[in-house]
Amino acid sequence: MTIDHLRSLRHQLHRLAEPSGDEQRTARAVADELERLSCGNVTKGVGGHGVLAEIASPKDGPTVLLRADLDALPLDDDPALSYASERGGVAHRCGHDGHMTMALGVARAFATEPPARGRVVFGFQPAEETGAGARALIEDERFRPFTPDVVLATHNLPGYELGHVVLRDGIFASASRGLCVRLVGRSSHASEPAAGKSPVQAAASLAQALAAMPQDATALEEGAQLTIVGLLVGGARYGTSPGVARVMATLRSHHESTMDRLAERAVALARGLAAAHGLEVEIGWTDEFPATPTDSRVVDRLERVALGLGRTVERPADPFPWSEDFGHFSSRWPGALFGLGSGVDQPRLHTEGFDFPDALLEPGAEYLTACVRSLLEADLP
């Protein structure tokens with residue numbers, strides 16, 4: 001697959017940008033490309049709009065699954081781009097268009113030169129950005145015939161030199177959960193606050209206590225963070241004392257055990273403050289991402305492949321603070337999520353200036369292909 005074809009394919013996928021859970025046109029374009037490549041068992045609508053396909057050898061061997069993500073972000077695109085998103089308020093500001101394109105480049109390589117043993121499964125999952133897609137794909141009955149022995153995925157990483165390979169043993173990306181606490185009291189006339197139960201003080205206290213909680217709930221060596229992302233109570237209604245408040249926070253940690261402890265403390269804190277202020281409380285969780293573990297045997301093999309291709313390998317000391325739902329794959333099967341540098345000066349992920357660099361498509365697809373071929377030679381499980 002030439003760089004021109006890869007570029008054209010990415011630009012097509014970029015135009016089709018769709019939000020999590022609504023990736024219909026994107027999935028159709030991916031499935032059409034897989035069918036053009038004569039991939040086997042192209043299966044659509046898995047776990048939502050997920051797409052699965054395979055290329056197999058007649059000789060027995062391991063099944064290696066390469067995962068890519070279909071969804072885009074609820075952000076405006078750059079209208080100056082010749083391939084700007086056709087859907088207002090939705091854009092590929094995380095680079096999933098590039099991830100899909102590189103995976104399709106791998107499919108082209110295996111369609112041209114099939115694996116010597118085993119099979120390659122291409123998994124294009126929906127709803128990565130909300131943390132729902134990987135689990136939905138895996139738990140769909142139509143996934144069973146594609147069950148892997150080894151799993152692999154990559155993410156582009158701004159801030160690293162273009163094409164550098166970023167590997168970690170242990171945890172690559174952190175766990176995160178979105179917490180929403182709804183405090184329910186009773187509204188009243190602003191001149192008669194005693195006739196109601198305002199949640200204002202409880203909401204303010206809860207936000208402050210939650211923000212400080214990692215200091216008390218975790219040990220020094222445990223990576224944990226809690227960010228208050230929203231505090232909604234009342235408004236410009238000067239004659240009314242409010243009756244409902246919402247406090248929203250994102251919890252992050254490097255390990256699931258730390259996350260569980262942090263979540264339990266947050267819930268206990270919310271319930272305790274609500275009771276102290278005579279309020280009802282409703283607690284909900286959203287955007288739940290597991291930590292993303294890697295298998296050291298897979299990581300070592302990826303490093304050997306990179307060095308054999310003359311690529312530079314970087315190994316950061318700590319897990320990345322952002323989250324990726326590939327952990328649903330790599331916690332079940334040996335595998336790895338790894339990074340590909342997308343440029344030192346590349347704008348950060350999820351920002352208005354970000355656009356996946358076309359210059360990474362060809363070297364990224366080449367490296368992924370070599371990694372999959374290497375893993376097909378191994379017997380890791």
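Just so you know, these numbers come straight off a predicted model, no measurement behind them.

The subject of this paragraph is the packing of helix 2 (residues 24-36) against helix 3 (residues 96-112). Axis separation between helix 2 and helix 3 bottoms out at 10 Å; the angle between their running directions is 15 degrees. Regarding the angle of helix 2 to helix 3, the classification is roughly parallel. Helix-helix and strand crossings are classified by hand; for helix 2 and helix 3 the assignment is right-handed. From helix 2, Thr26, Val30, Glu33 and Leu34 reach across to helix 3, where they touch Met100, Leu104, Ala107 and Arg108. In terms of residue class, the contact of helix 2 with helix 3 is made up of five nonpolar, one polar and two charged.

Further remarks concern the pattern of salt bridges. Counted according to the given criterion, the structure contains 24 salt bridges. Note that Arg297 is salt-bridged to Asp295, the shortest N-O span being 2.9 Å. Relative accessible area serves as the criterion here: at 16%, Asp295 is assigned to the buried category. The residue Arg315 makes a salt bridge to Glu303 at a minimum N-O spacing of 3.3 Å. Note that Arg315 is positioned in the loop between strand 15 (313-314) and helix 8 (327-330) and Glu303 in helix 7 (residues 296-308), a separation of twelve residues in sequence. Assessed through its relative accessible area of 34%, Arg315 is described here as partly exposed. A relative accessible area of 23% means that Glu303 is categorised as partly exposed. A single network of salt bridges, built from pairs that share partners, joins Asp4, Arg7, Arg10, Asp97, Asp355 and Asp358.

Next up on the list: empty space enclosed by the protein. What the rule picks out here adds up to one cavity of 30 Å³ or more. Looking at the largest cavity, its volume works out to about 30 Å³. Taken together, Leu66, Arg67, Ala68, His99, Ala103, Thr154 and Leu368 form the lining of the largest cavity. Counting residues per element, the lining of the largest cavity draws most heavily on strand 3 (residues 63-69), which supplies three residues. Here the lining of the largest cavity is built from residues that sort into four nonpolar, two polar and one charged.

The contact between helix 3 and helix 9 (residues 361-377) brings their axes to 8 Å, and the two run at 55 degrees. When the axes of helix 3 and helix 9 are compared, the pair comes out oblique. Regarding helix 3 and helix 9, the two cross each other, and that crossing is right-handed. Only Leu361, Gly364, Ala365, Leu368, Thr369, Val372, Arg373 and Leu376 of helix 9 make contact with helix 3, whose side of the interface consists of Gly98, Thr101, Met102, Gly105, Val106, Ala109 and Phe110. Broken down by class, the residue content of the contact of helix 3 with helix 9 amounts to nine nonpolar, five polar and one charged.

The first and last C-alpha atoms of helix 5 (residues 200-217) sit 25 Å apart over 18 residues, in line with the 26 Å expected at 1.5 Å per residue. Ala211 marks the point of greatest bend in helix 5, at about 35 degrees, and the proline Pro214 comes within the next four residues. All of the buried residues in helix 5 are Ala202, Ala203, Leu206, Ala207, Leu210, Met213, Pro214 and Ala217. Buried residues in helix 5 make contact with strand 8 (175-184), strand 10 (224-233), strand 12 (244-253) and helix 6 (256-276).

For the rest of this paragraph, the subject is the packing of aromatic side chains. Applying the stated criterion across every chain yields a total of nine aromatic pairs. The interplanar angle of 40 degrees and the centroid separation of 6.4 Å between the aromatic rings of Phe329 and Trp333 together place this pair among those described as tilted. Exposure class is identical for Phe329 and Trp333. Each is buried. These aromatic residues form a ring-pair network of at least three members: Phe143, Phe326, Phe329 and Trp333.

Taken together, four strands build an open sheet; the order of strands is 10-12-8-13 and the sheet is antiparallel. Two strands in the sheet have a free side with no partner beyond their single neighbour: strand 10 and strand 13 (280-289). Pairwise comparison of adjacent strand axes, ignoring direction, gives a mean angle of 15 degrees for this sheet. Taken together, the nine bridges between strand 10 and strand 12 define a ladder with antiparallel strand orientation. Bridge pairing links Leu226 to Leu251 in strand 12.

Spatial strand order, 1-2-4-3-5-16-6-15: eight strands in an open sheet with mixed pairing. Every other strand in the sheet has two partners, leaving strand 1 (40-46) and strand 15 as the edge strands with one partner each. Helix 7 contacts strand 5 (150-157), strand 6 (165-166), strand 15 and strand 16 (335-341) of the sheet and is inclined by roughly 35 degrees relative to strand 16. Contacting strand 3, strand 4 (119-125), strand 5, strand 6 and strand 16, helix 9 crosses the sheet at an angle of about 160 degrees to strand 5.

The subject of this paragraph is the nonpolar core. Within the largest apolar cluster, 54 residues are counted, with the highest numbers of intra-cluster contacts made by Val30, Leu34, Phe124, Leu152, Leu302, Phe338 and Tyr367. Beyond its immediate stretch of four places on either side in the chain, Leu34 contacts Cys39, Val42, Val51, Ala53, Leu104, Ala107 and Phe124. Core analysis: the next-biggest nonpolar cluster, separate from the first, contains 26 residues, Ile171, Leu251, Leu262 and Ala270 among them.

This paragraph deals with the pairing of strand 5. Within strand 5, eight of the eight residues are buried, which leaves the element mostly enclosed by the surrounding structure. Burial of strand 5 is two-sided: the residues Val150, Leu152, Thr154 and Asn156 facing one way and the residues Val151, Ala153, His155 and Leu157 facing the other way are all buried. Relative to strand 16, strand 5 is paired through seven bridges, and the arrangement is parallel. Bridge pairing in strand 16 links Thr154 to Phe338.

Thresholds, definitions, all that
- Residues numbered from 1 in each chain as written.
- Predicted model: local features only at pLDDT ≥ 70, side-chain atom pairs only at ≥ 80, totals over all residues.
- Heavy atoms only, no water.
- Axes fitted to C-alpha atoms, helices over the stretch in contact; angles between N-to-C directions.
- Helix = DSSP H or I, 4+ residues; strand = E, 2+ residues; numbered from the N terminus.
- Parallel < 35°, antiparallel > 145°, perpendicular 65-115°, else oblique.
- Left-handed = near helix turned anticlockwise from the far one by under 90°.
- Contact = heavy atoms within 4.5 Å.
- Nonpolar A, V, L, I, M, F, W, Y, C, P; charged D, E, K, R; others polar.
- Salt bridge = Lys/Arg side-chain N within 4 Å of Asp/Glu carboxyl O.
- Buried < 20%, exposed > 50% of the residue type's maximum accessible area, 1.4 Å probe, protein only.
- 1 Å grid on protein atoms, 1.4 Å probe; cavity = no way out; pocket = protein on both sides within 12 Å on 5 of 7 lines; lining within 4 Å.
- Points joined across faces, edges and corners; volume = space filled by probe spheres on them.
- Expected span 1.5 Å × (residues − 1).
- Bend = angle between axes of the 7 residues up to and from the residue.
- Phe/Tyr/Trp six-rings, centres within 6.5 Å; stacked < 30°, edge-to-face > 60°.
- Pairing = 2+ DSSP bridges.
- Core = buried A, V, L, I, M, F, W, Y, C linked by side-chain atoms within 4.5 Å.

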